[in-house]
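# Structural description and commentary
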There are 2 protein chains.
Amino acid sequence: MSDENLVCNCKVVHKEIVDKVKSDYPREECVHSLTNLFKVLGDNTRVRIIFALFNSEMCVCDIAELLDMTQSAISHQLRVLRGARIVKYRKEGKSVFYSLDDDHIYDILARGLEHVCHE
Amino acid sequence: MSDENLVCNCKVVHKEIVDKVKSDYPREECVHSLTNLFKVLGDNTRVRIIFALFNSEMCVCDIAELLDMTQSAISHQLRVLRGARIVKYRKEGKSVFYSLDDDHIYDILARGLEHVCHE
DNA sequence: AAATCATATGAATATTTATTCATATATATA
DNA sequence: TATATATATGAATAAATATTCATATGATTT
């Protein structure tokens with residue numbers, strides 16, 4: 001029982017292709033990080049929050065109002081965005097104002113939006 | 001019971017900010033499409049497949065071998081990538097060769113990789 | 001035609017996760 | 001100090017989904 005048969009029931013893979021691709025494959029650690037970034041961006045509430053923050057910093061309540069969702073739901077998602085260092089915050093009195101932490105995110109979202117819609 | 005209280009238990013939101021943000025918010029339909037794209041990209045197996053196809057078209061078996069996963073798992077994920085029009089395929093004999101369908105995806109992934117790792 | 005091989009796919013299982021609800025924390029105000 | 005307000009968070013529930021397993025489909029070869 002060869003190695004290949006453990007995972008792939010095909011007889012012969014195109015070895016040259018596999019080797020070539022393997023030779024300049026990015027580090028799995030980086031691929032994994034990138035996947036995690038996309039995972040964070042793969043939720044409609046979080047993406048909506050990010051687009052909201054494109055224009056202005058906003059407090060939690062503003063965001064909840066804008067997106068017509070509960071404060072709790074928004075707060076939970078902001079926590080995820082914080083964990084991914086996509087947003088940062090500053091406190092002012094009882095309010096907490098969130099804003100984008102990173103220009104890269106702006107670029108990625110803006111470019112992505114271009115891709116899916118032309119605007 | 002006002003509208004705000006249905007979703008947000010805060011007394012007063014910053015109305016000017018909410019209105020301003022609302023005024024040039026992208027179409028929800030586009031935001032939703034973008035989220036769906038990120039959702040597809042938010043899985044490690046799929047992202048690994050895409051990076052594999054950066055260099056060369058590959059048949060299902062090649063990909064399974066490269067990523068050390070079962071043919072079935074790869075095939076299921078290729079189906080998702082096909083559905084998102086991220087990959088296309090051509091048949092040759094018994095094999096099916098997959099390749100990237102869209103340069104935008106290349107750009108988005110390459111830029112994303114830059115963001116998470118510097119290489 | 002029969003056998004073999006490459007790929008696709010339905011069903012089941014297990015895991016992840018988004019939201020809700022209740023409540024805790026922290027700040028401001030009366 | 002007591003109360004009200006803004007935000008955060010733990011637990012529970014519901015929904016989504018990645019992989020496995022078994023099997024179907026479709027193409028090639030003998």
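Check the entry above for the structure.
Calculation rules
- Residues numbered from 1 in each chain as written.
- Chains lettered and ligands numbered in written order.
- Predicted model: local features only at pLDDT ≥ 70, side-chain atom pairs only at ≥ 80, totals over all residues.
- Heavy atoms only, no water.
- Salt bridge = Lys/Arg side-chain N within 4 Å of Asp/Glu carboxyl O.
- Helix = DSSP H or I, 4+ residues; strand = E, 2+ residues; numbered from the N terminus.
- Buried < 20%, exposed > 50% of the residue type's maximum accessible area, 1.4 Å probe, protein only.
- Contact = heavy atoms within 4.5 Å.
- Polar contact = N/O pair within 3.5 Å; in protein donor to acceptor, adjacent residues only side chain to side chain.
- Nonpolar A, V, L, I, M, F, W, Y, C, P; charged D, E, K, R; others polar.
- Least-squares fit on C-alpha atoms with pLDDT ≥ 70 in both.
- Lys, Arg positive; Asp, Glu negative; His and termini not counted.
- Disulfide = S-S within 2.5 Å.
- Pairing = 2+ DSSP bridges.
- Axes fitted to C-alpha atoms, helices over the stretch in contact; angles between N-to-C directions.

### Quick look at the pattern of salt bridges
- Going through the model one piece at a time under the given rule, you end up with 12 salt bridges over all chains.
- A salt bridge links E28 of chain B to R48 of chain A, with the shortest nitrogen-to-oxygen separation between them at 3.1 Å. Separated into two different chains, E28 of chain B in helix α3 (residues 28-41) and R48 of chain A in helix α4 (residues 44-55) make up a pair that spans both.
- Residues R90 of chain A and E92 of chain A are paired through a salt bridge, measuring 2.7 Å at the closest nitrogen-oxygen approach.
- What makes R90 of chain A partly exposed here is its relative accessible area of 37%.
- In the salt-bridge network here, residues are joined through shared partners; they are E57, R90 and E92 of chain A.

### Some words on the interface of chain A and chain B
- Counting residues at the interface gives 64 residues for chain A, matched by 65 residues for chain B.
- Inspection of the chain A/chain B interface yields 4 salt bridges.
- Between R111 of chain A and D107 of chain B there is a salt bridge whose closest N-O contact spans 3.9 Å.
- Across the contact surface, chain A and chain B share 12 residue pairs in polar contact (both at pLDDT 80 or more).
- For the side of chain A that touches chain B, the secondary structure elements donating two or more residues are α1 (3-7), α2 (15-23), α3 (28-41), α4, β1 (58-59), α5 (60-67), β3 (95-100) and α7 (103-116) of chain A.
- It is α3 of chain A that contributes the most residues to the side of chain A that touches chain B, 11 residues altogether.
- The residue makeup of the side of chain A that touches chain B, split by class, is 32 nonpolar, 15 polar and 17 charged.

### Concerning the relation of the copies chain A and chain B
- Taken as rigid bodies, chain A and chain B are interconverted by a rotation of 180 degrees and an axial shift of 0.0 Å, the fit giving an RMSD of 0.0 Å. Both copies are brought into coincidence by an operation consistent with a two-fold rotation axis. For chain A, the smallest separation between a C-alpha atom and the rotation axis is recorded for F38 of chain A, amounting to 2.7 Å.
- A shared binding surface is used by both copies, with 100% of the interface residues of chain A retained as interface residues in chain B.

### A look at unusual backbone geometry
- Of note in this structure, D68 of chain A is not a glycine but carries a positive phi near 55 degrees.
- With respect to the helices, strands and loops of the structure, D68 of chain A is situated in the loop between α5 and α6 (71-83).
- Of note in this structure, R85 of chain B is not a glycine but carries a positive phi near 55 degrees.
- By the secondary structure assignment, R85 of chain B is in the loop between α6 (71-83) and β2 (87-92).

### Structural notes on the side chain of D102 of chain B
- If you trace the backbone, D102 of chain B turns up in the loop between β3 (95-100) and α7 (103-116).
- Buried charge without a salt bridge: D102 of chain B, with R85 of chain B as the nearest opposite-charge side chain at an N-O distance of 9.1 Å.
- A distance of 2.8 Å separates a polar atom in the side chain of D102 of chain B from the backbone nitrogen of H104 of chain B.
- Among all residues touching D102 of chain B, those that are not within four sequence positions of it are H115 of chain A together with R85 and I86 of chain B.

### Section: the state of the cysteines
- A full pass over the atoms with the stated rule returns 2 disulfides over all chains.
- Between C30 of chain A and C117 of chain B runs a disulfide, and the two sulfur atoms are separated by 2.2 Å. As the torsion about the S-S bond is roughly -105 degrees, the C30 of chain A-C117 of chain B disulfide counts as left-handed. Placement of C30 of chain A in helix α3 and of C117 of chain B in the segment after α7 is noted, with the two residues assigned to different chains. Grouping residues by exposure puts C30 of chain A and C117 of chain B together as buried.
- C59 of chain A takes part in no disulfide bond, and the closest cysteine sulfur to it belongs to C61 of chain A, at a distance of 5.4 Å.

### A closer look at the pairing of β3 of chain B
Residue and element names in this part refer to chain B.
- Judged from the 2 bridges that link them, strand β1 (residues 58-59) and β3 form a sheet pairing that is antiparallel. Residue pairing in the sheet places C59 in a bridge with F97 of β3.
- Hairpin connection of β2 to β3: 2 residues between the antiparallel strands, including G93 at a positive phi of 65 degrees.

### Thoughts on the sheet that holds β3 of chain A
Residues and elements named next belong to chain A.
- Reading across from one edge, β1-β3-β2 is the order of the 3 strands in this open sheet, with antiparallel pairing throughout. The open sheet is flanked by β1 and β2 (87-92), the only strands paired with a single partner.
- As defined by bridge partners, β2 adjoins β3 across 6 bridges and the pair is classed as antiparallel. When the sheet's bridge partners are listed, K88 is paired in β3 with S99.
- Strand contacts of α4: β1, β2 and β3, with the helix running at about 90 degrees to β3, the strand carrying the most contacts.
- Most of the contacts of α6 go to β2, to which it runs at about 120 degrees, and overall it touches β2 and β3.

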